[in-house]
Amino acid sequence: GADIENRDRGQADPFDINSDNLLAKALYQINESHRIGVTGEIFNREADGQILSNEGHTIAGMPQFTYTRNSAQDEDSRKRISFEHSWQANNAAFDHLKWQLTALESETKHDTFDHTPFNGYRNRMRNGVDSSNQFDAQFDKAIELENSYHEISYGVNYITNEFELDYRDYYLEGANTGTSKDK
């Protein structure tokens, strides 16, 4: 596609993206009946770039909203830890139980910079944090009758989630320099 500046741009906007991800899992067979495990993950991504596809864009009939100096700086991270236990019980209630407890936190920090004659130079900051804790348990039971065989699975799932957003515009140059506006 065309390597131009505006909404007719055919190429991707130029970005430098750095990403790291570490995932580790360890399982241990305690005995014939029990196995435990732990999983951990750390993910980080940073992206800096120019939004050339928006450069020079004017909202129809509104010359005070012609966008220039478009760029972005984004940071995303995720942390996860899980503990699991598998039990081959072969009792009256269940033959097999597998349960897992997981904690997860994701965070985003996105800064999008632009300039218009109306707003001046601003940072459209969009930050969020998502935290989650989860418990899962699955029970499996095989039942053999005279002329049939059945496998039954049942379980429980419990999740708590917290989500926070901070959407704000910071005015860096122009008539509103040094102020911010919640979005």
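Residues numbered from 1 in each chain as written. Predicted model: local features only at pLDDT ≥ 70, side-chain atom pairs only at ≥ 80, totals over all residues. Heavy atoms only, no water.

(A) Expanded view of the sheet that holds strand S1 (residues 15–29). On the basis of which strands lie adjacent, the open sheet formed by seven strands has the order S1-S2-S3-S4-S5-S6-S7 and antiparallel pairing. The sheet is open, and its two borders are formed by S1 and strand S7 (180–182), each paired with just one other strand. In this sheet, adjacent strand axes meet at a mean angle of 10° when their direction is disregarded. Two strands pair when backbone bridges link them, and S1 and strand S2 (residues 34–50) are joined in this way by 15 bridges, in the antiparallel orientation. (Pairing = 2+ DSSP bridges. Helix = DSSP H or I, 4+ residues; strand = E, 2+ residues; numbered from the N terminus. Axes fitted to C-alpha atoms, helices over the stretch in contact; angles between N-to-C directions.)

(B) Focus on the pattern of salt bridges. Here the structure, examined in full by the defined rule, presents 17 salt bridges. Residue Glu 84 is joined to Lys 98 by a salt bridge in which the shortest nitrogen-to-oxygen separation is 3.9 Å. With Glu 84 in strand S3 (residues 68–88) and Lys 98 in strand S4 (residues 96–116), the pair connects residues that are 14 residues apart, well separated along the chain. Judged by relative accessible area, which is 36%, Lys 98 ranks as partly exposed. Two residues, Asp 182 and Arg 168, come together in a salt bridge whose shortest N-O distance is 3.3 Å. Here Arg 168 lies in strand S6 (residues 149–173) and Asp 182 lies in strand S7, a separation of 14 residues in the sequence. Note on Asp 182: relative accessible area 54%, which makes it exposed. Since its relative accessible area comes to 22%, Arg 168 is described here as partly exposed. Members of the salt-bridge network, linked through shared partners, are Asp 114, Arg 122, Arg 124, Arg 126, Asp 169 and Lys 183. (Salt bridge = Lys/Arg side-chain N within 4 Å of Asp/Glu carboxyl O. Buried < 20%, exposed > 50% of the residue type's maximum accessible area, 1.4 Å probe, protein only.)

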